[in-house]
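Below, each chain spelled out in residue letters.
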Amino acid sequence: MTNLKNFIQLNFMTAKPYFTVKTLLIISMVILFQAIMTGSVFSEIGVGALLGTLFMGYPFASAEKNNLDTLYATLSIKRKAVVAGRYLFALLLNGGTILFAFVLASAGLYFVGAVGFSYSSIGVSQIEPWIMLAAMFIGIQAIQLPIYFKVGYAKAKFLSIVPFVALIAGYFMFLNVSDVSAGPIGFFDKLAVTGLVVPAIVVVLVGIMFISYGLSAGFYKKREF
Amino acid sequence: MGFIGPNGAGKTTTIKLLLNVIKGNSDNVKLFGQAGNVVQNKQIGVVMDIPMYVEDLTLRDVEKAISSFYSNWDKNKYTDYLKRFGLESKKKVKELSRGMKVKLQIVVALSHDANLLILDEPTSGLDPVARDEICDLLREFVSDETKGVLFSIHITADLDKTADYLTFILNGSIAFTGTKDELFEKYMRVTGGLHDLNTDQKGFVIGYREHSTGFEGMLETTNSSKLPKTVMIERITLDEIIIFLNKGVKLYD
């Protein structure tokens with residue numbers, strides 16, 4: 001357990017060089033732009049998850065560039081702990097980026113005075129679309145992680161774009177569906193009435209993550225460096 | 001112990017097997033007498049050909065990143081060794097020369113009081129001064145009899161300076177293992193005229209090679225009485241042993 005905690009800390013140290021002032025400025029602009037355009041801090045749930053998805057690959061990139069998989073072996077970090085650590089890192093990263101986006105957007109909206117918003121006036125229905133968007137990005141991460149563990153970052157860079165392309169393709173496919181009451185959108189509409197959208201998303205994501213973790217553990221166990 | 005052999009013999013592969021970064025075909029890989037798939041990191045220090053630290057981190061950050069994995073990490077030792085080896089803690093890993101990177105990895109090993117240093121080609125690509133410094137470090141390390149070093153190398157001059165024991169591998173098998181003195185007692189250099197040896201006698205010469213004026217090769221000392229007195233038998237160098245063993249594979253039993 002201590003090793004796992006240390007490993008997560010090591011992942012943050014590993015990714016640290018990527019978090020430059022330039023990166024911080026760019027993501028801050030994206031966050032503020034999104035907040036002002038939508039007038040909602042809750043849209044940052046989706047933005048935060050998107051940023052988490054973009055940054056999640058950093059420890060993989062750094063590990064490959066700097067021979068860190070050998071380091072992990074010399075530090076007695078079990079391969080299962082490496083995989084578990086990367087998943088927990090992704091979880092914490094998503095939490096961190098969502099929180100950062102949320103706080104920055106709140107501050108931005110407050111100072112700009114663009115929108116006078118009140119937390120109490122925002123109902124669950126206004127949050128749901130952003131939670132669904134965040135869930136989609138986390139779902140993409142669940143697909144990307146086993147790819148990184150299977151082939152390494154350099155080879156996975158191209159493959160990891162595939163889920164994004166599939167998402168965009170899926171979006172346009174849904175736009176062309178004449179009867180929106182059918183298919184997934186219709187299903188979520190019906191689910192929304194029951195107020196079970198968020199719990200359903202959580203259950204689905206947890207399931208996907210477990211499958212993803214199992215695949216990653218299997219792939220990484222066989223990797224040689 | 002110096003771990004020697006030509007390129008592709010399996011030196012790095014063996015080290016990687018010891019560290020469990022690649023999988024072997026059997027469970028016979030043991031470190032400190034223990035089989036298993038997790039290296040006992042407290043006891044070993046590893047110096048790889050390619051450094052294992054994030055290039056953009058400073059040496060101070062390197063300590064922050066890895067010290068928590070060692071229960072016996074000594075912060076003061078790390079700082080002291082950095083100073084002693086002229087490594088500035090504010091410098092980034094990528095700003096270090098190759099020799100300095102090797103030193104950094106040795107500093108890390110010394111800071112958690114490793115009993116065994118495993119080094120993969122620590123002196124390759126270094127200038128003579130840096131090589132000499134690394135060899136001095138290794139000699140100092142093994143001056144404590146409870147500590148040992150296993151290093152793969154192909155620079156025989158460095159091997160002469162630092163290794164008491166040698167293991168020579170060829171195509172993944174051990175061709176010789178023992179003390180350096182045993183190696184030089186075991187093999188001799190043999191030269192002679194083109195017609196000095198008959199076919200049976202040529203069979204005793206490892207790496208037999210003919211040139212315009214005669215032949216040369218290596219002989220196991222125990223076979224010296226089987227050759228005629230006309231041939232010249234003399235002390236052999238480590239380089240020649242490697243070359244001749246490579247030519248005439250004769251595996252250790």
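What counts and how
- Residues numbered from 1 in each chain as written.
- Chains lettered and ligands numbered in written order.
- Predicted model: local features only at pLDDT ≥ 70, side-chain atom pairs only at ≥ 80, totals over all residues.
- Heavy atoms only, no water.
- Helix = DSSP H or I, 4+ residues; strand = E, 2+ residues; numbered from the N terminus.
- Buried < 20%, exposed > 50% of the residue type's maximum accessible area, 1.4 Å probe, protein only.
- Contact = heavy atoms within 4.5 Å.
- Lys, Arg positive; Asp, Glu negative; His and termini not counted.
- Charge placed at Lys NZ, Arg CZ, Asp CG, Glu CD.
- Axes fitted to C-alpha atoms, helices over the stretch in contact; angles between N-to-C directions.
- Parallel < 35°, antiparallel > 145°, perpendicular 65-115°, else oblique.
- Left-handed = near helix turned anticlockwise from the far one by under 90°.
- Nonpolar A, V, L, I, M, F, W, Y, C, P; charged D, E, K, R; others polar.
- Core = buried A, V, L, I, M, F, W, Y, C linked by side-chain atoms within 4.5 Å.
- Pairing = 2+ DSSP bridges.
- Patch = residues over 30% accessible without salt bridge, like charges linked within 9 Å, V, L, I, M, F, W, Y side chains within 5 Å.
- Areas by Shrake-Rupley, 256 points an atom, 1.4 Å probe, with all protein chains shown as cover.
- Salt bridge = Lys/Arg side-chain N within 4 Å of Asp/Glu carboxyl O.
- Arc of directions from axis to C-beta.
- Polar contact = N/O pair within 3.5 Å; in protein donor to acceptor, adjacent residues only side chain to side chain.
- Buried area = accessible area lost by both parts, 1.4 Å probe.

S.K.: Could you give an account of the overall build of chain B, with specific residues and numbers?
M.R.: When you go through chain B residue by residue, the secondary structure sums to 9 helices and 12 strands. The dimensions of chain B, computed from C-alpha atoms along their principal axes, are 70 × 40 × 30 Å. Looking at the 253 residues of chain B, the share that counts as buried comes to 50%. Across chain B, every contact between residues at least 6 apart in sequence was considered, and the portion connecting residues at least 24 apart equals 66%. In chain B, the 32 positive side-chain charges and the 35 negative ones have mean positions that sit 4 Å from each other.

S.K.: Go over the packing of helix H2 (residues 21-38) of chain A against helix H3 (residues 44-55) of chain A, please, and point to the residues and values.
M.R.: Residue and element names in this part refer to chain A. As a packed pair, H2 and H3 sit with axes 10 Å apart at the nearest point and diverge in direction by 155 degrees. Taken together, the axis directions place H2 and H3 in an arrangement best described as roughly antiparallel. Seen from above, H2 lies across H3 with right-handed handedness. The residues of H3 that touch H2, namely those facing Thr-23, Ile-27, Val-30, Ile-31, Gln-34 and Ala-35, are Glu-44, Val-47, Leu-51 and Phe-55. Of the residues in the contact of H2 with H3, the class split is 7 nonpolar, 2 polar and 1 charged.

S.K.: Explain the nonpolar core to me, and be specific about the residues and the numbers.
M.R.: Core analysis: the biggest nonpolar cluster contains 122 residues, and Tyr-72 and Ile-77 of chain A together with Ile-66, Tyr-78, Leu-104, Ile-106 and Ile-241 of chain B have the highest contact counts within it. Broken down by element, the residue count for this core peaks at 12 residues, all from helix H6 (residues 79-112) of chain A. In this structure, Val-190, Val-205, Leu-219 and Leu-227 of chain B belong to the second largest nonpolar core, which totals 7 residues.

S.K.: Before we move on, could you go through the pairing of strand E4 (residues 44-47) of chain B and cite the residues and values that matter?
M.R.: All names here are of chain B. Judged by which residues are buried, E4 turns out to be covered on both faces: Ile-44 and Val-46 on one side and Gly-45 and Val-47 on the other are all buried. Bridge count between E4 and strand E5 (residues 116-120): 4 bridges; the pairing is parallel. In the sheet register, Gly-45 faces E5, and the bridge partner there is Leu-117.

S.K.: Got a sec to walk through the sheet that holds strand E11 (residues 214-220) of chain B? Specific residues and values, please.
M.R.: Residue and element names in this part refer to chain B. Strand order in the open sheet made by the 4 strands is E10-E11-E9-E12, with antiparallel pairing throughout. For this open sheet the edge positions go to strand E10 (205-211) and strand E12 (232-234), each flanked by a neighbour on one side alone. The mean inter-strand angle of the sheet, taken between neighbouring strand axes irrespective of direction, is 20 degrees. Relative to E11, E10 runs antiparallel, the two sharing 5 bridges.

S.K.: Help me get a handle on the packing of H2 of chain A against H6 of chain A, residues and values and all.
M.R.: All names here are of chain A. Orientation of H2 relative to H6, taken along the N-to-C sense of each, is 60 degrees, at an axis distance of 9 Å. With respect to H6, the axis of H2 lies oblique. Where H2 crosses over H6, the two elements pack in a sense that is right-handed. Of the residues in H6, those in contact with Leu-24, Ile-27, Ser-28, Ile-31, Leu-32, Ala-35 and Ile-36 of H2 are Phe-100, Ala-101, Leu-104, Ala-105, Gly-108, Leu-109 and Val-112. In terms of residue class, the contact of H2 with H6 is built from 12 nonpolar, 2 polar and no charged.

S.K.: Go over the pairing of strand E9 (residues 187-192) of chain B, please, and point to the residues and values.
M.R.: In summary, the side chains of a regular strand alternate between the two faces of the sheet. All names here are of chain B. With 5 of 6 residues buried, E9 is to be regarded as a mostly interior element. Here E9 runs beside E11; their pairing, made up of 6 bridges, is antiparallel. When the bridges of E11 are listed, Thr-191 appears paired with Glu-216. In this sheet, E12 lies alongside E9 in antiparallel orientation, the contact comprising 3 bridges. Bridged to Thr-191 within E12 is Met-232.

S.K.: Lay out a nonpolar patch on the surface in plain terms, naming residues and giving numbers.
M.R.: All names here are of chain A. A contiguous nonpolar patch, built from Phe-158, Leu-159, Ile-161, Val-162 and Val-165 and spanning about 470 Å² of accessible area, is present on the exposed surface. Elements represented by at least two residues in the nonpolar patch include exactly helix H8 (153-159) and helix H9 (162-175). Relative to the helices and strands, Ile-161 is located in the loop between H8 and H9. According to the relative accessible area criterion, Ile-161 is partly exposed, its value standing at 44%.

S.K.: Give a description of helix H3 (residues 75-84) of chain B that names residues and reports values.
M.R.: Residues and elements named next belong to chain B. Looking only at H3, the buried set comprises Tyr-78, Tyr-81 and Leu-82. Buried positions in H3, seen along its axis, are confined to an arc of 105 degrees and lie on one side of it. Within H3, the exposed residues directed more than 90 degrees away from the buried face are Asn-76 and Lys-83. Each element contacted by the buried residues of H3 is listed here: helix H2 (59-67) and helix H4 (98-111). The N-terminus of H3 is capped by Asp-74, whose side-chain oxygen sits 3.0 Å from the backbone nitrogen of Asn-76. In the segment just after H3, Gly-86 is the residue with positive phi, at about 70 degrees.

S.K.: Describe the sheet that holds E4 of chain B, with residues and values.
M.R.: Residues and elements named next belong to chain B. Spatial ordering of the open sheet is given by E4-E5-E6-E1-E7-E8, a layout of 6 strands whose pairing is mixed. At either margin of the open sheet sits one strand with a lone partner, and together these are E4 and strand E8 (173-179). On average, each strand axis in the sheet is tilted by 15 degrees relative to the strand beside it, whichever way the strands run. The pairing of strand E1 (residues 2-4) with strand E6 (residues 148-152) spans 2 bridges and is parallel. Residue Gly-2 lies in a different strand from E6, and its bridge partner there is Phe-151. Contacting E1, E4, E5, E6 and strand E7 (165-170), helix H1 (residues 11-19) crosses the sheet at an angle of about 140 degrees to E5. Relative to the sheet, helix H5 (residues 128-142) contacts E5 and E6, its axis offset from that of E6 by approximately 145 degrees.

S.K.: An account of the interface of chain B and chain A is needed here, citing residue identities and associated values.
M.R.: With 27 residues of chain B at the contact, the number on the chain A side is 28 residues. When the buried area of chain B at its contact with chain A is split by residue, Val-21, Met-52 and Phe-69 of chain B rank highest and sum to 29% of it. Counting across the interface, chain B meets chain A through 2 salt bridges. Along the contact surface separating chain B from chain A lie 6 residue pairs in polar contact (both at pLDDT 80 or more). The set of elements that each furnish at least two residues to the side of chain B that touches chain A consists of H1 and H2 of chain B. Of the residues belonging to the side of chain B that touches chain A, the class tally is 17 nonpolar, 4 polar and 6 charged.

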